[in-house]
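An overview of the molecular structure
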Amino acid sequence: MLPYRATVSAPSRIGLEMIAIEPGTPIDLDLRLEAVSEGVLVSGTVRSTVTGECIRCLDTFTDELVIEPQELFAYPDSLTVETSEEDEVRRVERDRIDLEPMLIDAAAAVLPFQPVCSPDCLGLCSVCGIRLAIAEPGHSHETIDPRWAALAEKATSEGTDSER
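To keep things clear, this report deals only with the structure shown in the data block. (Residues numbered from 1 in each chain as written. Predicted model: local features only at pLDDT ≥ 70, side-chain atom pairs only at ≥ 80, totals over all residues. Heavy atoms only, no water.)

Bringing the side chain of Arg90 into the picture now. Here Arg90 shows up in strand β8 (residues 90-91). In terms of polar contacts, Arg90 uses its side chain to reach the side chain of Glu71, at 3.5 Å. (Helix = DSSP H or I, 4+ residues; strand = E, 2+ residues; numbered from the N terminus. Polar contact = N/O pair within 3.5 Å; in protein donor to acceptor, adjacent residues only side chain to side chain.)

To continue, consider unusual backbone geometry. Unusually for a residue other than glycine, Arg94 sits at a positive phi of about 50°. Summarising the element assignment, Arg94 is placed in the loop between β8 and α2 (100-110). Its identity is not glycine, yet Asp95 carries a phi of approximately 60°, on the positive side. The residue Asp95 is located in the loop between β8 and α2 in this model.

Turning next to empty space enclosed by the protein. Under the counting rule described, the total for this entry stands at one cavity of 30 Å³ or more. Approximately 30 Å³ is the volume found for the largest cavity. Contributing to the lining of the largest cavity are Ile14, Ile21, Ile27, Val46, Ile67, Leu103 and Ala107. Residue composition of the lining of the largest cavity, by class: seven nonpolar, no polar and no charged. (1 Å grid on protein atoms, 1.4 Å probe; cavity = no way out; pocket = protein on both sides within 12 Å on 5 of 7 lines; lining within 4 Å. Points joined across faces, edges and corners; volume = space filled by probe spheres on them. Nonpolar A, V, L, I, M, F, W, Y, C, P; charged D, E, K, R; others polar.)

Note that Pro23 resides in the loop between β3 (19-21) and β4 (26-36). When the C-alpha atoms of Pro23 and Arg96 are compared, they prove to be 23 Å apart, with 73 residues separating the residues in sequence. Among residues more than four places away in sequence, those in contact with Pro23 are Ala10, Ser12 and Arg13. (Contact = heavy atoms within 4.5 Å.)

Structure representation (structure tokens):
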């Protein structure tokens, strides 16, 4: 077993459309590399900061991402490689393993498809678009059902005619 601790910069964007680790963001790796009969078992903890866009209020936010990967990197002549499809198993190539694809897959598995800046985010007003978190208490707009709009207009115009 070999412990592997390092801080690396994200080489590219890792994540989903609305939330991801941005390029250049530090990624802290605290991994264990274990020799097993079929290859190298990589497990441990990966930490980084993700940047996202809230689906409710559209604000940008950051959060901590913690991934606990566990992945087998198979030796070239192992039974695992011989009995698996090309894309089903990661491989040890020239005595090296590439952690980036593992991190990409692990991040995609734990990141939310619909990220929110906070669980109690109120979102935007559907009429004016203001963030409800900064709007005055009781923020609302008077709306008339379009089916009754003509009647309301007629009542308003008759009221002004009778006042003359």
